[in-house]
Structures are given as structure tokens and as C-alpha cells.
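Below are the chains, spelled out letter by letter.
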Amino acid sequence: QREAKALVRAKKLNVSTPAVYNVDKQSCTIVMEKIKGKSVRDVINEVASTLPHEVLRSRANDVFLKTIKAEEVEDANEANAVATAAAVSPSSPLNARSSSAVAIPTSNASANPFNIAIAAQAIQSAGHIVANSGLSMSQSEATVATANLEALDSLGKILLTKMGAIIGCLHNGDIIHGDLTTSNFLTAAADSSDQQVSPTSSSDAEGPRLLAAATGLELVVIDFGLVRDSTNAEERAVDLYVLQRAVSSAHPYLTLVLETILLGYNMTVQPAKGKATMDRLVAVRARGRKRSM
């Protein structure tokens, strides 16, 4: 019953979810709409499958190294914030530490507020990744691989931004999904007609064609089995952190995962809730790193 109510409430928040047709309390079953579409996980993996394993591994290694450097800077900033909070006089506001960590610019809600170091570090270009993957390729093969990797990068940004925006809408209604992964977002055509994509010759890169097919898709959230109501900023932050970890684990070759999710999130979340969530997300991520050591 809780899951069914959450599905209905989400629709009122302009979030696409399967329509609920019937709820049988005795058998604890829900009859709902079947969404005809692939999961975001499958869509991303389909584009990734156009690339040689060596190229994906090279991109994943680049992302991993940049992430490690970024987290080192985050830890240093957190330590500086603690030291600053300890140095202030007792009469100073107790929240001086959190206010110095992250802030959402109210003048531009679409701006990404989470300015950790990885956002400032240039991710290696697709061409550089392909050239340094260790594979022996002809010029045409390298061109195709580069186009496919660029398509994968673009697809990741588009889908993660949409996912972030959906989470912002859910959080506006105090809905904590509890199980956010790329498997729990399905794709559906934005209109009732199937999108037609021009065919390409066998010599063309497949990634850009798949990207074009996926760009106009609407995302539908499913699996509200762990849903709960909460106005707690900590729970909203954990919701985002769970998604970030799930994406990074399932798709380690995607770049700027957290920044892209938050870009969409802060387009839709209410400013006050967004700021409180960002403040807590700093602490949640720090705890997560300590546990993984």
C-alpha cells in the first residue's frame, strides 16, 4: 500500500511512474502499467558495447584516478572546515562549518553547486583515451571508436541529468526512493509514436545513432518497494549518494557522475531543501569513503 501511494504521489509531482490500476491488500499485490522500454542501465550498456574493452578500461582508469584526486581535495577541505569551526568563538553560529562547505546559488538553480575538484580537472578527451588504450587501430577504426566514446559520454550526461531532475521532484514531495540505480529508471518514447532513426552504413560509428535514439526518451521511475516519507536532509543526501555509487559501480567509464546528477537535481529541487541536502551530502560522502578504506 505504501508503494502504491508513493507511485500516485510521484505522478502528482510530475514524475513519470507506472500507472496503478488496482491494489489487493489481502494478497499484497499491485496491478500496474507495463512500461515498454529498456532500463537506463541497458541503454548505457548498449552504447558501451560498441567500444573495445581496452577503450572502456582506459576511460574507467582515467575516471578512477581523477576521482581519487578529487576525494583527497574533499577530505582536505573537510579538515579545514573542521579546523575553522573549532577556531571560531563560542558566540559564533554553530553552523559555520556547513555553510563554508557547499552553497547553492539561488540566482541560478541550474548551476552545479558541488564544486569538488574533479569538476575542475579536465577529463581526457575521447580521442586521447582511444589513442592511449594500447590497441593497434587503423585511422578509420580510431575515428569510429572516438565517435562511439564521445556518444557514450554525451549519453551519460543526458540520462544522469534527467535522473537527477526526477529525484529533485521526488524530494520536493518528501519521497525517498531508497533504491536508486540505473536499473530502476526505464526509458519510454516522449510521444506515443516510436522514434525513427536514420539507418547508418556498417562503416559508420554505431554510438551516435544509439545516442540520437535515446536523446528524446522520457524516464520512468520504478521499484518503490523501499520508499519512505522523510523531510530529513540526511536521507535525501543518502538517496543521492546511493545513486552515485550505483552508477559508478555499474558504469565506471562514465565521467563526472555526481556533478551531472546534481546538475539535474538542482534544476528541480526546492532551494532550501537543495542547500540542506548538499550540506549533508558532504558528510555522507566523507563517511562513505572512510567505510571503504
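See above for the structure.
Residues numbered from 1 in each chain as written. Predicted model: local features only at pLDDT ≥ 70, side-chain atom pairs only at ≥ 80, totals over all residues. Heavy atoms only, no water.

**Quick look at the overall build of the chain**
At step 1: On a plain count of helices and strands, the chain comes out with 11 helices and 6 strands.
At step 2: By the burial criterion, 42% of the 293 residues in the chain qualify as buried.
At step 3: In the chain, the share of contacts with a sequence separation of at least 24, taken over all contacts with a separation of at least 6, comes to 80%.
At step 4: If you sum the accessible surface of the chain, you get close to 14,700 Å²; carbon and sulfur atoms cover 54% of it. (Helix = DSSP H or I, 4+ residues; strand = E, 2+ residues; numbered from the N terminus. Buried < 20%, exposed > 50% of the residue type's maximum accessible area, 1.4 Å probe, protein only. Contact = heavy atoms within 4.5 Å. Areas by Shrake-Rupley, 256 points an atom, 1.4 Å probe, with all protein chains shown as cover.)

**Observations regarding the nonpolar core**
At step 1: Judged by nonpolar contacts, the single largest core of 54 residues is most densely connected at Ile 44, Leu 149, Leu 152, Leu 155, Phe 185, Phe 224 and Leu 254.
At step 2: In this structure Leu 254 touches Ile 44, Val 63, Leu 152, Gly 156, Leu 160 and Val 247, once residues within four positions along its chain are discounted.
At step 3: Counting 5 residues, the second largest nonpolar core, distinct from the first, contains Leu 186, Ala 188, Val 220 and Ile 222. (Core = buried A, V, L, I, M, F, W, Y, C linked by side-chain atoms within 4.5 Å.)

**A few points about the pattern of salt bridges**
At step 1: For the structure on display, the rule yields 10 salt bridges.
At step 2: As a salt-bridge pair, Lys 38 and Glu 46 come within 2.8 Å of each other at their nearest N and O atoms.
At step 3: Since its relative accessible area comes to 42%, Lys 38 is described here as partly exposed.
At step 4: Given a relative accessible area of 30%, Glu 46 falls into the partly exposed group.
At step 5: Note that Arg 209 is salt-bridged to Glu 206, the shortest N-O span being 2.6 Å. Residue Arg 209 and its partner Glu 206 are both found in helix α8 (residues 206-215); the two are separated by 3 residues, about one turn of the helix. (Salt bridge = Lys/Arg side-chain N within 4 Å of Asp/Glu carboxyl O.)

**A closer look at helix α7 (residues 139-172)**
At step 1: Its 34 residues give α7 an end-to-end C-alpha distance of 50 Å, which sits within 8% of 50 Å, the value for a rise of 1.5 Å per residue.
At step 2: Count one or two residues on from α7 and you reach Asp 174, which has phi positive near 60 degrees. (Expected span 1.5 Å × (residues − 1).)

**Here we look at unusual backbone geometry**
At step 1: Of note in the backbone geometry, Cys 28 takes a positive phi value of approximately 55 degrees without being a glycine.
At step 2: Along the chain, Cys 28 falls in the loop between β1 (20-24) and β2 (29-32).
At step 3: Positive phi outside glycine occurs at Asp 223, with the angle close to 60 degrees.
At step 4: Summarising the element assignment, Asp 223 is placed in the loop between β5 (217-221) and β6 (228-229).
At step 5: Under the relative-accessibility criterion, Asp 223 is labelled partly exposed at 38%.

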